[in-house]
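Coordinate analysis (summary)
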Amino acid sequence: RHLLMQFKHSLTPTNLEDLQAQGLKVLSAVSGSVYWVAIEPGSVASQDVHQAAGNLVIRSAGLLPTQYKIAKAIDDNDFPNHTRYEDGTVTVHVTVFEDVSPAQTKQVLARLESVRVLEWMAPRVLVVRTPPAVIYQLADADQVKWVEPVPPLTEANNATAAMRIK
């Protein structure tokens, strides 16, 4: 499971080691004292995150609701034209958590029949073609960190060069 956790203060390297030993793997900082954390199955943390944190004070810990893992542009149906297909599907970028393997990602996507991987852009970012109605199911997967529309195509427009040619 992936949680957002807010601690009383920013974590030190020693804090990170202590948390790891208890089954709380800090994946990345979000801001200040808020971190994305993965809980290892069967660990102390999987039973009680507060106990696993030891002396560290946890201000809050919880799952991020699905709607906060999706870019606003998706809710606004704001997809660039080149990402829309005649069958109604669209292309989106899907980011998975740092501790999720490509094999785990493929398993998650295989459960969603209408989702098709077009390209792996990076180890944790892929381009997916999907019906817009399935995007919330996609983002609801614990392994998924963020979903956003594929950005618009860039247009080469070098005004300085154009002026010099004239």
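**Some details on the sheet that holds strand β8 (residues 144-149)**
With respect to topology, four strands assemble into an open sheet ordered β6-β7-β5-β8, the strand pairing being antiparallel. Strands with a single pairing partner mark the edges of an open sheet, and in this sheet they are β6 (116-122) and β8. On average, each strand axis in the sheet is inclined to that of its neighbour by 25 degrees, with strand direction left out of account. Here strand β5 (residues 90-96) pairs with strand β7 (residues 125-130) via six bridges, running antiparallel.

**Regarding the pairing of β5**
A large share of β5 lies buried, amounting to seven of its seven residues. Burial along β5 is two-sided: the residues V90, V92, V94 and V96 and T91, H93 and T95 are all buried. Across five bridges, the pairing between β5 and β8 is antiparallel. Each residue of the ladder has a partner; that of V94, found in β8, is V147.

**Some remarks on the confidence of the model for the protein chain**
Regions with low pLDDT should not have their predicted coordinates read in detail. Averaged over every residue, the pLDDT of the protein chain is 87; residues scoring 70 or more account for 89%. Across the protein chain, the element-wise mean pLDDT spans from 67 in helix α2 (residues 44-47) up to 96 in β5.

**A look at the side chain of T66**
Residue placement: T66 occurs in the loop between β4 (58-62) and α4 (72-75). A distance of 2.7 Å separates polar atoms of two side chains, one belonging to T66 and the other to D140. Residues within four places of T66 in sequence aside, it is in contact with Y136, A139 and D140.

**With respect to the sheet that holds strand β1 (residues 2-7)**
Spatially, β2-β3-β1-β4 is the arrangement adopted by the four strands of the open sheet, whose pairing is antiparallel. Two strands close off the open sheet at either side, each with one partner strand: β2 (24-31) and β4. In this sheet, neighbouring strand axes are inclined to one another by 25 degrees on average, regardless of whether the strands run parallel or antiparallel. Across six bridges, the pairing between β2 and strand β3 (residues 34-39) is antiparallel. By the bridge assignment for β3, S31 is matched with V34. Strand contacts of helix α1 (residues 13-21): β1 and β2, with the helix running at about 135 degrees to β2, the strand carrying the most contacts.

**A word on the pattern of salt bridges**
All told, the structure shown has three salt bridges when counted by the stated rule. The partner of D87 in a salt bridge is R129, and the shortest N-O contact between them spans 3.2 Å. Remark: R129 occurs in strand β7 and D87 occurs in the loop between α4 and β5; sequence separation between them is 42 residues. Residue E98 pairs with K145 through a salt bridge whose shortest N-O separation is 3.1 Å. In this pair, E98 is assigned in the loop between β5 and α5 (102-110) and K145 in strand β8, connecting sequence segments 47 residues apart.

The rules behind these values
Residues numbered from 1 in each chain as written. Predicted model: local features only at pLDDT ≥ 70, side-chain atom pairs only at ≥ 80, totals over all residues. Heavy atoms only, no water. Pairing = 2+ DSSP bridges. Helix = DSSP H or I, 4+ residues; strand = E, 2+ residues; numbered from the N terminus. Axes fitted to C-alpha atoms, helices over the stretch in contact; angles between N-to-C directions. Buried < 20%, exposed > 50% of the residue type's maximum accessible area, 1.4 Å probe, protein only. pLDDT = per-residue confidence, 0-100. Polar contact = N/O pair within 3.5 Å; in protein donor to acceptor, adjacent residues only side chain to side chain. Contact = heavy atoms within 4.5 Å. Salt bridge = Lys/Arg side-chain N within 4 Å of Asp/Glu carboxyl O.

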